[in-house]
Amino acid sequence: NTKRSQTKETIPLRNMATKLPLLDALDMSQDRSEAERFNHKCRRNDHQGHTSGQAAGFIQVNTCILPQKYAYDFMLFCQRNPKPFPLMEVTDPGCYEPKIVTYGSDLRTDIPRYTVFRDGEVAEDKLEDIVDHWRDDLVTFLFGCSFSFEHVLISNGYKIRHLEEGHSVPVYYTTIPCRPAGVFSGPIVVTMRPFKKTEIPSIIKLTAQYPTLHGTPVHYGDPEKIGIVDISKPDWGSPVKIREDEEPVFWACGSTIESTLIESKIDFALYQHESEMLVCKKKVEEVNVADPAHCQRFQ
């Protein structure tokens, strides 16, 4: 089935995230056609599966869509847990077109596939669009994704194992708790990428520059210290080879949304299916870099 082609409404926004000093305005003179082509590919249902490595150089975002009655609690939850939830934009209720991280995208159709949660359980999965599920009270939260800084790592000469092996990044539940807020709680979920032990200090320093893309790792080394019993069996994604001179490096992951929805058991929520992100027309290089004083800790 082809996703529905609908004329987008022009909806004025008073965006809850516009006062956050996270992103500069888009420079419309730059070529953004690669991201636009990928958006249309998803809209036509021509891409299914993870988005790691797609439209390299453009940011990707996790998407969580909730009824307005939960929006304040969830905003507070994000503020208290910035590593898994590096908030980049929040829409007005009923608005399905982001205005800060991208433009001309439809949140109901431009993600490869979607999941519907009801009362903490998956009610429907792998939906091609959520047009029939859309409501005027829905608020969308958009978070940075570590797929975005993979481009930065590759540009600096580092190898990304899951891309080399041709599959999705391994993702794990941890025993690290999020700080609760209102009805929301749950454990942090992490992605893992192995790197040589000698590379890790430089990688920490490099990713520290991108706090809105999850920033620095939450842990590296022994996975059992964060509750991962068997690193060869990720909770989703695919396992990757860890070589003798390498350590696993773990970043907080936007898939923490899923653990939160399961734990919190709210009556309704929409979420992207697993590692299938919204590709934005904003480039990684346009995301504000962290204060140099913050990065100095890793030099």
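Read on for an overview of the structure.

Calculation notes
Residues numbered from 1 in each chain as written. Predicted model: local features only at pLDDT ≥ 70, side-chain atom pairs only at ≥ 80, totals over all residues. Heavy atoms only, no water. Buried < 20%, exposed > 50% of the residue type's maximum accessible area, 1.4 Å probe, protein only. Helix = DSSP H or I, 4+ residues; strand = E, 2+ residues; numbered from the N terminus. Arc of directions from axis to C-beta. Contact = heavy atoms within 4.5 Å. Core = buried A, V, L, I, M, F, W, Y, C linked by side-chain atoms within 4.5 Å. Phe/Tyr/Trp six-rings, centres within 6.5 Å; stacked < 30°, edge-to-face > 60°. Lys NZ or Arg CZ within 6 Å of the ring centre and 35° of its normal. Polar contact = N/O pair within 3.5 Å; in protein donor to acceptor, adjacent residues only side chain to side chain.

## As for helix α5 (residues 200-207)
Ile-200, Ile-203, Ile-204, Leu-206 and Thr-207 are the residues of α5 that are buried. Looking straight down α5, one finds that the buried residues subtend no more than 165° of arc, so they occupy a single side. Elements that come into contact with the buried residues of α5 comprise α3 (146-155), β7 (187-196), β8 (219-220) and β9 (246-252).

## Thoughts on the nonpolar core
Among the nonpolar cores identified, the biggest contains 35 residues, and Ile-59, Met-88, Ile-130, Leu-153, Phe-195, Leu-213 and Leu-270 are the most heavily contacted of them. Contributions of two or more residues to this core are made by β1 (58-67), β3 (114-118), β5 (138-144), α3, α5, β9 and β11 (278-283). By residue number, the principal contributor to this core is α5, which donates four residues. If you look at the next biggest cluster of nonpolar residues, it comprises 32 residues, including Leu-87, Phe-141, Tyr-172 and Met-192.

## Some details on the packing of aromatic side chains
Under the definition given, this model contains 15 aromatic pairs. Taken together, a centroid distance of 6.1 Å and an interplanar angle of 75° make the contact between Phe-74 and Phe-143 edge-to-face. On the criterion of sequence distance, the pair formed by Phe-74 in helix α2 (residues 71-80) and Phe-143 in strand β5 is long-range, its members being 69 residues apart. Each member of the pair, Phe-74 as well as Phe-143, is classed as buried. With a centroid separation of 6.0 Å and an interplanar angle of 35°, the aromatic rings of Phe-77 and Phe-184 are classed as tilted. Of this pair, Phe-77 sits in helix α2 while Phe-184 sits in the loop between β6 (171-177) and β7; the two residues are 107 residues apart in sequence, bridging distant segments of the chain. Per residue, the accessibility class of Phe-77 equals that of Phe-184, and both read buried. Taken together, the ring pairs connect Tyr-70, Phe-74, Phe-77, Phe-85, Phe-141, Phe-143 and Phe-184 into an aromatic cluster. In this structure, Arg-108 packs its charged tip against the face of Tyr-96, placed 3.5 Å from the ring centre.

## Concerning the side chain of His-133
Summarising the element assignment, His-133 is placed in the loop between β4 (121-127) and β5. The exposure class of His-133 is buried, given its relative accessible area of 16%. Of note is the side chain of His-133, whose polar atom sits 3.3 Å from the side chain of Glu-124.

## Brief notes about the environment of Ser-168
Here Ser-168 is to be found in the loop between α4 (161-165) and β6. Placed 118 residues apart in sequence, Ser-168 and His-50 show a C-alpha to C-alpha distance of 6.2 Å.

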